[in-house]
Amino acid sequence: MSDSAVSPAPVASDFIRDLIADDLAAGRNEGWVITRFPPEPNGYLHIGHAKSICLNFGLALEHGPKARCHLRFDDTNPTKEETEYVDSIQEDVRWLGFDWGDHLYYASDYFEKLYGFAEQLIGKGLAYVDEQSAEAIRANRGTLTTPGVNSPFRDRSVEESLALFRKMRAGEVAEGVMILRAKIDMASPNMNMRDPVLYRVLKAAHHRTGDAWCLYPMYDYAHPLSDALEGITHSLCTLEFEHHRPLYEWLIQNVEGLPGQPYQREFARLSLTYTVMSKRKLLRLVKEGHVQGWDDPRMPTISGLRRRGYTPASIRHFCRMIGLTKFNSLTDVAVLEHAVREDLNANALRALVVLKPLKVVIENYPEDQVEFIEAVNNPENEAAGTRQMPLCREIYIDQDDFMEVPPSGYHRLKPGGEVRLRYGFCIRCQEVVKDASGQVVEVRCTYDEATRHGVQPEGRPKVKGIIHWVSARHAVPVAVRLYDRLFTEEQPEVAAGEDGDFVTLINPGSLTNVEGAMAEPALAEAVVGGHYQFERLGYFYVDPKDSHPGKPVFNRTVGLKDSWAKVVAKQQGTKG
RNA sequence: UACUCCGUGGUGUAAUGGUAACACAGCUGAUUUUGGUUCAGCUAUUCUAGGUUCGAGUCCUAGCGGGGUAGCCA
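Each value, and the rule that gives it
Residues numbered from 1 in each chain as written. Chains lettered and ligands numbered in written order. Predicted model: local features only at pLDDT ≥ 70, side-chain atom pairs only at ≥ 80, totals over all residues. Heavy atoms only, no water. Near = heavy atom within 4 Å. Polar contact = N/O pair within 3.5 Å; in protein donor to acceptor, adjacent residues only side chain to side chain. Helix = DSSP H or I, 4+ residues; strand = E, 2+ residues; numbered from the N terminus. Nonpolar A, V, L, I, M, F, W, Y, C, P; charged D, E, K, R; others polar. Contact = heavy atoms within 4.5 Å. Expected span 1.5 Å × (residues − 1). Buried < 20%, exposed > 50% of the residue type's maximum accessible area, 1.4 Å probe, protein only. Axes fitted to C-alpha atoms, helices over the stretch in contact; angles between N-to-C directions. Parallel < 35°, antiparallel > 145°, perpendicular 65-115°, else oblique. Left-handed = near helix turned anticlockwise from the far one by under 90°. Domains from an automatic or database assignment. Buried area = accessible area lost by both parts, 1.4 Å probe. Salt bridge = Lys/Arg side-chain N within 4 Å of Asp/Glu carboxyl O.

Caption draft 1: Fine view of the protein's contact with RNA strand B. In the neighbourhood of RNA strand B, 72 residues make up the surrounding shell, with R350, R412, H453, Q533 and R536 lying closest. Sugar plus phosphate: this is where 65% of the atoms of RNA strand B within 4 Å of the protein reside. Residue R422 places a side-chain N or O atom 2.6 Å away from a sugar or linking oxygen belonging to RNA strand B. Those elements that provide at least two residues to the surface near RNA strand B are α5 (134-140), β6 (197-201), α11 (312-322), α12 (333-347) and α14 (563-574). Looking at the surface near RNA strand B residue by residue, the classes come out as 24 nonpolar, 24 polar and 24 charged.

Caption draft 2: Summary view of the environment of V370. Take V370: it is sitting in the loop between β12 (357-362) and β13 (371-376). Measuring from C-alpha to C-alpha, the distance between V370 and L391 comes to 5.7 Å, with 21 residues separating the pair along the chain. In contact with V370, other than residues within four places in its own chain, are Y365, P390, L391, C392, R473 and H474.

Caption draft 3: Seen up close, α14. Here α14 spans 17 Å end to end across twelve residues, near enough to the 16 Å set by a 1.5 Å rise per residue. For α14, a buried count of one out of twelve residues is recorded, marking the element as mostly open to its surroundings. A distance of 3.2 Å separates the backbone nitrogen of W564 from a side-chain oxygen at the start of α14, and that oxygen is part of D562.

Caption draft 4: Summary view of the packing of helix α4 (residues 111-123) against helix α6 (residues 158-170). Viewed as axis vectors pointing N to C, α4 and α6 meet at an angle of 160°, and their least axial separation amounts to 9 Å. When the axes of α4 and α6 are compared, the pair comes out roughly antiparallel. For α4 against α6, the interelement crossing comes out right-handed. Each of E112, Y115, A118, E119, I122 and G123 in α4 lies in contact with α6, whose residues at this interface are V158, S161, L162, F165, R166 and R169.

Caption draft 5: Examining the domain arrangement of chain A more closely. Here the domain parsing of chain A yields domain 1 (15-267), domain 2 (279-349 + 480-570) and domain 3 (353-468). Taking the mean C-alpha position of each, domain 2 and domain 3 sit 29 Å from one another. Opposite the 21 residues of domain 2 that make contact, domain 3 presents 25 residues. Summed over both partners, the interface of domain 2 with domain 3 buries about 1,800 Å², with 57% contributed by carbon and sulfur atoms. Our enumeration of links across domain 2 and domain 3 arrives at three salt bridges. Here E520 ties to R387 by a salt bridge, and the two come within 2.7 Å at their closest N and O atoms. For the pair domain 2 and domain 3, the number of links is eight residue pairs in polar contact (both at pLDDT 80 or more). Among the elements of the structure, α12, β21 (476-483) and β22 (511-519) are those that each provide at least two residues to the side of domain 2 that touches domain 3.

Set out below in structure tokens:
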């Protein structure tokens with residue numbers, strides 16, 4: 001599909017872009033715009049991260065050549081981070097079409113410099129080593145409505161704090177015994193300013209620095225300083241960091257020798273209907289086996305969406321459509337589905353596949369005859385060409401395309417009725433064959449030679465129904481998985497309530513393994529990663545994990561819009 | 001009963017003191033060898049109350065509603 005690199009297409013303005021325009025107009029940062037995408041490598045990226053990626057990397061593209069976006073791993077907590085995640089994050093960002101060039105960084109690269117800055121702060125009397133227990137610190141922090149109280153260690157000498165801090169680094173202090181705190185204001189209405197923790201002892205191996213350190217900086221400390229060290233101009237994060245901003249600015253102001261003066265602005269994170277987005281909840285879905293992994297096609301992860309058949313262009317388009325504000329909104333997943341349909345409609349090759357085969361015998365068609373019918377590969381793109389599909393006396397149609405007693409408005413095959421075979425001629429149902437249980441097992445039809453493809457006999461009423469089919473003798477069996485929304489509720493967490501559990505709201509029909517689907521023969525050759533539109537059914541993607549040469553497995557990315565299904569649903573609704 | 005951010009159609013966004021617009025969703029109709037696509041159209045909006053102003057979605061005040069915040073997580 002349109003997986004090509006991102007073009008710096010015009011993007012609608014938003015409050016962040018307005019801010020940057022103001023900075024540029026005021027001549028700040030010598031006209032540079034340097035952003036960063038700073039994930040912690042503790043999980044897989046999801047569609048919410050894509051919003052941030054498109055923002056930060058998009059900004060760099062829009063403001064080139066004096067602009068760039070860094071990829072920085074915020075790896076300050078060795079107990080949660082793994083190389084596996086570092087790799088998957090890079091893969092996902094690249095897949096989305098973005099490039100950080102030489103600007104791949106790790107907060108852990110700055111551990112030494114960060115340590116030096118901490119000694120500087122201690123020297124200035126702006127940080128101290130606290131020996132209170134974690135419980136005491138919590139108790140003395142106060143509450144949202146009451147101020148905290150100063151630590152008894154708050155006014156210890158600079159020399160003493162420095163000596164203790166060096167012991168912490170040297171590994172002479174056990175975990176939880178001492179921490180380094182900024183000396184700000186224990187009565188601040190902003191909890192983040194009540195002498196926030198800057199460093200803690202963690203005797204854990206780090207995925208990059210190994211055992212070199214047992215003293216690790218906190219996010220609040222490492223983040224602004226890392227930004228400054230890299231020359232970041234605009235540090236963009238989500239709303240929950242809003243009240244970390246004063247601390248961010250405090251550090252930028254009070255640490256001397258920083259090469260840059262970044263500032264932080266916050267935007268609303270993405271929420272989508274019918275899914276959950278927090279890493280903790282996604283992890284639970286994986287761990288408890290509700291899905292088959294981080295890249296299960298039902299997951300809102302980048303890897304899940306990729307396996308589902310979403311294209312990078314469709315995700316970028318989606319991110320452009322949803323905008324950027326500070327409002328905690330809930331985006332309808334239909335917007336995402338629309339984005340991928342738009343891309344796939346223009347680019348996916350068409351194919352005929354029968355999900356639930358029903359045998360049709362064309363009685364007046366010669367037993368030993370085979371003909372080839374020309375079918376267009378993509379009506380939206382003539383350059384995609386055509387292909388030849390075999391047709392013979394026995395074909396399969398979908399069970400959904402035949403009804404003995406159809407509702408009004410039904411255009412498909414029914415006793416005595418006529419439909420057109422897609423790209424082929426019209427057939428009329430003459431007889432229905434049933435098994436002992438009354439189940440229709442075969443439909444016997446006759447075809448009308450005068451209705452061949454492209455031929456419209458004078459005065460003949462137009463057949464309304466056009467159905468897909470495959471030649472019984474030539475069709476190939478394929479594995480098909482139909483995916484639907486993971487949850488039955490728009491907002492699973494909200495619907496579950498305080499005492500409830502969101503996993504109980506998992507859609508039991510979120511995955512349907514279709515047995516016995518039959519495809520036109522060309523699909524046996526479908527290559528991994530290919531996108532198809534199965535006509536009248538939806539868009540399908542050749543699963544990269546489970547497909548084998550000659551034995552493709554198709555994942556349904558999204559169904560086609562189905563206005564008939566709506567009519568049926570409405571009829572059933574009015575009937576009660 | 002703290003601080004802080006945010007309230008524009010059903011949903012998401014735009015309008016930078018001057019005709020409230022776009023997209024998604026929904027609904028009509030036309031076209032169509034995909035009940036797809038495309039095209040045309042319809043429905044529907046500024047949280048409330050004051051104030052400033054010739055003029056307020058936008059500025060001010062108050063209220064109401066929602067989010068966030070008391071990790072040695074990020």
